[in-house]
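These are the residues of each chain, in order.
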Amino acid sequence: MKDGLTVLASMATPAVLLLANAMLILSTNHRLQAILERVRETELTIAGQDTAPEITDLAVLNELLVGHARRARAAHRALLCFYSSAGSFMGVVVAVGLAGLEIPGMLPLALAVAFLGCALLGSGTLLLVYETAIGIRATDRRFESILELCGKLSRQSREPA
């Protein structure tokens, strides 16, 4: 039987991955909340309840809403991957602990579950990259619209009354 220190050392790596995964879950939840806040702001603008709407073109607002929906779906899928990955890493910790007790078949099981957890973690990360790209496009579109508005206001202020 392996000594306790070796077993604990073997369990440390998946535990560190679990902590990193938890940080990704927290940051993804924060990103999702920001997306939903932007959806609420856009909704108020469309409903005419926004006191100072920066964008009034319904086509642009629709485009932004579609982008927000894609971002929200990507963030939700990333969360699903991260939660599944966290469960996998917990399974690895348990399987490594049982392997330390020399229960047959636990080490290959731990390895298989570790690969699954890493694949899920990687998938979630790719989804966040996709979500970020959508966010960049939405931000660029919002800035374009605001710059167009500034240009119109600037031309109006230069015209003689």
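This structure is a prediction, so every number in the text was calculated from the model and none was measured.

Undergrad: Explanation requested: the side chain of Ser 145 in the structure shown.
TA: Among the secondary structure elements, Ser 145 is positioned in helix 3 (residues 106-158). Judged by its relative accessible area of 9%, Ser 145 falls in the buried class. With sequence-adjacent residues up to four places away left out, Ser 145 is seen in contact with Ile 55 and Val 60.

Undergrad: Whenever I open this one, the pattern of salt bridges confuses me. Can you help?
TA: A side chain of one charge can pair with a side chain of the opposite charge if their charged atoms are brought near each other. With the rule as written, the count across this model stands at 5 salt bridges. A salt bridge links Glu 131 to Arg 31; its shortest N-O distance comes to 2.5 Å. Here Arg 31 lies in helix 1 (residues 4-47) and Glu 131 lies in helix 3, a separation of 100 residues in the sequence. Look at Arg 31 and you get partly exposed, because its relative accessible area is 27%. Two residues, Glu 131 and Arg 71, come together in a salt bridge whose shortest N-O distance is 2.6 Å.

Undergrad: How should I be thinking about the nonpolar core in this particular structure?
TA: One recurring pattern in soluble globular proteins is that nonpolar side chains are buried together. Residues Leu 32 and Phe 82 are the most contacted members of the largest nonpolar core, which totals 13 residues. Broken down by secondary-structure element, the contributors of at least two residues to this core are helix 1, helix 2 (58-100) and helix 3. Among the elements that make up this core, the one with the highest residue count is helix 2 (7 residues). The residues touching Leu 32, leaving out its near neighbours within four places in the chain, are Ala 72, Ala 75, His 76 and Leu 79. Formed by 6 residues, the second largest nonpolar core is a distinct cluster that contains Val 92, Ala 95, Val 96 and Met 106.

Undergrad: What am I meant to see in the confidence of the model for the chain here?
TA: Fine structural detail should not be taken from predicted coordinates in areas where pLDDT scores are low. Per-residue pLDDT for the chain has a mean of 84; in total, 93% of the residues score no lower than 70. Taking the mean pLDDT of every element in the chain, the minimum, 82, falls on helix 1 and the maximum, 88, on helix 2.

Undergrad: In this structure, what is going on with the environment of Ala 75? I would like to understand it.
TA: Inspection of the secondary structure puts Ala 75 in helix 2. Ala 75 sits in the buried class, given a relative accessible area of 0%. Separated by 49 residues in sequence, Ala 75 and Gly 124 have C-alpha atoms that sit 8.4 Å apart. Other than its neighbours up to four places away in sequence, Ala 75 contacts Thr 28, Leu 32 and Ile 35.

Undergrad: Explanation requested: a positive patch on the surface in the structure shown.
TA: Together, Arg 70, Arg 73, Arg 77 and Arg 137 give the surface a local cluster of positive charge. If one sorts the elements of the positive patch by residue count, helix 2 sits on top with 3 residues. Take Arg 77: its relative accessible area is 48%, and that puts it in the partly exposed class.

Undergrad: Where do I start with the packing of helix 2 against helix 3 in this structure?
TA: Two quantities define a packed helix pair, namely the angle between the axes and the distance from one axis to the other. Their axes nearest at 7 Å, the elements helix 2 and helix 3 cross at an angle of 160°. For the element pair helix 2 / helix 3, the angle class is roughly antiparallel. Crossing geometry of helix 2 relative to helix 3 is assigned as left-handed.

Here is what the cut-offs are and how they apply
Residues numbered from 1 in each chain as written. Predicted model: local features only at pLDDT ≥ 70, side-chain atom pairs only at ≥ 80, totals over all residues. Heavy atoms only, no water. Helix = DSSP H or I, 4+ residues; strand = E, 2+ residues; numbered from the N terminus. Buried < 20%, exposed > 50% of the residue type's maximum accessible area, 1.4 Å probe, protein only. Contact = heavy atoms within 4.5 Å. Salt bridge = Lys/Arg side-chain N within 4 Å of Asp/Glu carboxyl O. Core = buried A, V, L, I, M, F, W, Y, C linked by side-chain atoms within 4.5 Å. pLDDT = per-residue confidence, 0-100. Patch = residues over 30% accessible without salt bridge, like charges linked within 9 Å, V, L, I, M, F, W, Y side chains within 5 Å. Areas by Shrake-Rupley, 256 points an atom, 1.4 Å probe, with all protein chains shown as cover. Lys, Arg positive; Asp, Glu negative; His and termini not counted. Charge placed at Lys NZ, Arg CZ, Asp CG, Glu CD. Axes fitted to C-alpha atoms, helices over the stretch in contact; angles between N-to-C directions. Parallel < 35°, antiparallel > 145°, perpendicular 65-115°, else oblique. Left-handed = near helix turned anticlockwise from the far one by under 90°.

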